[in-house]
Amino acid sequence: PNSIHTLTLHNASPSHALAHGAFFLNVKRLRICATGASPQYDIRFLEDPGFLPSLCHLDLDAHFDLRTLIRSTTLPGMSIVAVLRNTLRTRRNACSPFQVFLHLQEEVELVRQGRAGDTSGKGIPEELVRRFITQLEAMEGVRFVGREFDSFAGRDFKKSDRAFPPPGFFYMSNAAPRRS
């Protein structure tokens, strides 16, 4: 585990992530993938700088769209904005600069064009969507990228990239095995 610098958590519950994350002290880059009809994910465990102490780079994959992020609450009344703000603050003390990549660029551009109804946030009041985007943009360390952007490589994905993880990469999934 000491040679692992990149970790992907796929549908891992916070307790699963915490239990297994303790073995990966040198992880610098973490991608969280949460799939399903309505993925919600509690990322409060990232506020603790003792968990993955070398972490400098967080990528919430494209399944974390506007609707998912706006509706994700970790505690009653505590939005993901508050959790990201706390995470950025505590992590910046351990690793500067700490960056969070959100795959929202296309949706943010649609909202700016007055087309919030064409995003995953359809049905959510446009003022709430705009306020949410503004809050995220105001956070130093949060970056909007496209759906296909590979924040670890600094470029868009290619199909061939997905077949061969880079050295120092580890993938942990809690997803049910696929049936043939």
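Residues numbered from 1 in each chain as written. Predicted model: local features only at pLDDT ≥ 70, side-chain atom pairs only at ≥ 80, totals over all residues. Heavy atoms only, no water.

K.L.:
Summarise unusual backbone geometry; cite the residues concerned and give the values.
P.N.:
For leucine 52, which is not glycine, the phi torsion reads 50° and is therefore positive. Within the element layout of this structure, leucine 52 appears in the loop between strand E2 (29-33) and strand E3 (57-60). (Helix = DSSP H or I, 4+ residues; strand = E, 2+ residues; numbered from the N terminus.)

K.L.:
Can you lay out the confidence of the model for the protein chain for me, pointing to particular residues and giving the numbers?
P.N.:
Of the residues in the protein chain, 77% reach a pLDDT of 70 or more, and the chain-wide mean stands at 79. No element of the protein chain has a lower mean pLDDT than helix H6 (residues 159-163), at 45, and none a higher one than helix H4 (residues 105-112), at 96. Every residue in residues 158-169 scores below 50 in pLDDT, and together they form 11 contacts with partners more than four places removed in sequence or on other chains. The model gives residues 173-180 a pLDDT under 50, and that stretch makes 8 contacts with residues more than four places away or in other chains. (pLDDT = per-residue confidence, 0-100. Contact = heavy atoms within 4.5 Å.)

K.L.:
Residues and numbers for the pairing of strand E1 (residues 6-10), please.
P.N.:
E1 sits mainly inside the fold: 5 of its 5 residues count as buried. Of the strand pairs in this sheet, E1 and E2 are connected by 5 bridges, and their pairing is parallel. Paired with histidine 10 across the bridge in E2 is cysteine 33. Read as a crossover between parallel neighbours, the route from E1 over helix H1 (residues 14-21) to E2 is right-handed. (Buried < 20%, exposed > 50% of the residue type's maximum accessible area, 1.4 Å probe, protein only. Pairing = 2+ DSSP bridges. Right-handed = clockwise from strand over helix to strand, strands pointing away.)

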